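These are the residues of each chain, in order.
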Amino acid sequence: EEMIPYFEMISLAGDEPLFHEGDNGDALYIVMYGYLHVVKKQPDDSLQLIAEIKSGQVVGEIACLVDVARTATIYAVRDSVLLKMTRSSFEILNKKYPEA
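Residues numbered from 1 in each chain as written. Predicted model: local features only at pLDDT ≥ 70, side-chain atom pairs only at ≥ 80, totals over all residues. Heavy atoms only, no water.

Moving on to the packing of aromatic side chains. Each aromatic ring pair is characterised by the separation of its centres together with the angle its planes make. Here the structure, examined in full by the defined rule, presents one aromatic pair. Between phenylalanine 19 and tyrosine 29, the ring centres sit 6.1 Å apart and the planes meet at 35°, which makes this aromatic pair tilted. Remark: tyrosine 29 occurs in strand β3 (residues 27-41) and phenylalanine 19 occurs in strand β2 (residues 17-19); sequence separation between them is 10 residues. Judged by relative accessible area, which is 5%, tyrosine 29 ranks as buried. Residue placement shows arginine 70 over the ring face of phenylalanine 19; its charged tip is 4.0 Å from the ring centre. (Phe/Tyr/Trp six-rings, centres within 6.5 Å; stacked < 30°, edge-to-face > 60°. Helix = DSSP H or I, 4+ residues; strand = E, 2+ residues; numbered from the N terminus. Buried < 20%, exposed > 50% of the residue type's maximum accessible area, 1.4 Å probe, protein only. Lys NZ or Arg CZ within 6 Å of the ring centre and 35° of its normal.)

Printed below as a string of structure tokens:
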């Protein structure tokens, strides 16, 4: 219950992007329900599927934690609901609960 204020609930429609390769890594996400694909642009401009993200999984945490650009594009395969935690919220929680 104490962590609820640090999250924002967001909805994605099927085929809607969560973020694009190269975007700022400013948040991490937990998939509450839905299904996401992770794709990377290839030298010939085609997209290669590199991972699938299902309910209960976390996505975007590395770019958020180390403050780097997104390394892939992630989009919803079907309607999905995610919890978003910004980097600033994560830092507040980290200071409050460093043992975690």
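This next bit is on the pattern of salt bridges. Under the definition given, this model contains five salt bridges. Between aspartate 45 and lysine 41 there is a salt bridge, and its shortest N-O distance comes to 3.7 Å. You'll find aspartate 45 and lysine 41 in the same group, each marked exposed. (Salt bridge = Lys/Arg side-chain N within 4 Å of Asp/Glu carboxyl O.)

This next bit is on unusual backbone geometry. Positive phi values are uncommon outside glycine, yet aspartate 15 reaches one of about 75°. Residue position: aspartate 15 is located in the loop between β1 (8-12) and β2. The exposure class assigned to aspartate 15 is exposed, which follows from its relative accessible area of 62%. Even without a glycine there, the phi angle at aspartate 67 is positive, about 55°. Following the sequence through the fold, aspartate 67 ends up in the loop between α1 (61-66) and β6 (73-86).

As a further point, take the environment of proline 98. The topology assignment puts proline 98 in the segment after α2 (87-96). Here proline 98 falls in the exposed class, since its relative accessible area comes to 55%. Separated by 25 residues in the primary sequence, proline 98 and threonine 73 place their C-alpha atoms 31 Å from one another.

Listing the buried residues of α2 in full gives Arg87, Ser89 and Leu93. Buried residues along α2 cover an arc of 160° about the axis, so they all sit on one side. Structurally, α2 contributes buried residues whose contacts are with β3, α1 and β6. (Arc of directions from axis to C-beta. Contact = heavy atoms within 4.5 Å.)

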